[in-house]
Amino acid sequence: MNPSADRPLVIYSDGACSGNPGPGGWAVVMRYPDGRTLELGDAVPDTTNNRMEIQAAIEGLKAAGDAGAVVMVTDSEYLRKGITEWIHGWKRRGWRTAAKKPVLNQDLWTELDGLNSSAVEWRYTRAHAGDPGNERCDEIAHAFSQGWEPQLTRTA
């Protein structure tokens, strides 16, 4: 029996922005049940922090493909609550907030919603609190937002 077969893929995601709006970066650290790690990230020239948070989650779920059970770890309550709670009301109201204003970042929320499933468990971790996966994501996203090319681990 494979001991990693019933363990989920753990994906850490984070976004950063130098200025808000300004140059941004997103990052994903994927920890596979068999011990492999895959880090992804990229820069976006003119964006916001919230867009980078959502983009990171999108890229992580795209990269996960049909991995089965996924635990998505984020330090963004905006992202976690947006995809697990608020999105249901937004869709019911035709992508309007409770205050009847258009939902910001609807393009990204729509894409993320299409990738989300019951196989994804969304977890919150506090930023800068010592969680190694979250700290690494922050480092990568920040580097990309500053225009640097961080060294990414790709043992997958």
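About the thresholds
Residues numbered from 1 in each chain as written. Predicted model: local features only at pLDDT ≥ 70, side-chain atom pairs only at ≥ 80, totals over all residues. Heavy atoms only, no water. Axes fitted to C-alpha atoms, helices over the stretch in contact; angles between N-to-C directions. Helix = DSSP H or I, 4+ residues; strand = E, 2+ residues; numbered from the N terminus. Parallel < 35°, antiparallel > 145°, perpendicular 65-115°, else oblique. Left-handed = near helix turned anticlockwise from the far one by under 90°. Contact = heavy atoms within 4.5 Å. Nonpolar A, V, L, I, M, F, W, Y, C, P; charged D, E, K, R; others polar. Buried < 20%, exposed > 50% of the residue type's maximum accessible area, 1.4 Å probe, protein only. Pairing = 2+ DSSP bridges. Salt bridge = Lys/Arg side-chain N within 4 Å of Asp/Glu carboxyl O.

1. Some words on the packing of helix α1 (residues 49-64) against helix α3 (residues 106-115)
In contact at an axis separation of 10 Å, α1 and α3 are set at 25° when each is read in the N-to-C sense. Considering the angle they form, α1 stands roughly parallel to α3. The hand of the α1/α3 crossing is left-handed. Seen from α1, the contacting residues are R51, I54, Q55, A57, I58, L61 and K62; seen from α3, they are D107, L108, W109, E111, L112 and L115. Class assignment of the residues belonging to the contact of α1 with α3 gives a composition of eight nonpolar, one polar and four charged.

2. Here's the deal with the pairing of strand β1 (residues 9-17)
Taking burial as the measure, the nine residues of β1 include seven buried ones, the bulk of the element. Of the pairings in the sheet, the one linking β1 to strand β4 (residues 70-74) comprises five bridges and is parallel in character. Paired with I11 across the two strands is M72, which belongs to β4. The pairing of β1 with strand β2 (residues 22-31) spans eight bridges and is classified as antiparallel. Bridging from a neighbouring strand, A16 pairs with G25 of β2. Counting the residues in the hairpin turn of β1 and β2 gives four residues, including G19, whose phi is positive at 90°.

3. What to know about the pattern of salt bridges
Tallying each qualifying case throughout the model produces nine salt bridges. For D34, the salt bridge goes to R36, with nearest N and O atoms at 2.9 Å. Judged by its relative accessible area of 48%, D34 is partly exposed. Taking relative accessible area as the criterion, R36 reaches 32% and is therefore assigned partly exposed. The salt bridge partner of D113 is K91, with a shortest N-O separation of 2.8 Å. Of this pair, D113 sits in helix α3 while K91 sits in helix α2 (residues 77-92), and the two are 22 residues apart along the sequence.

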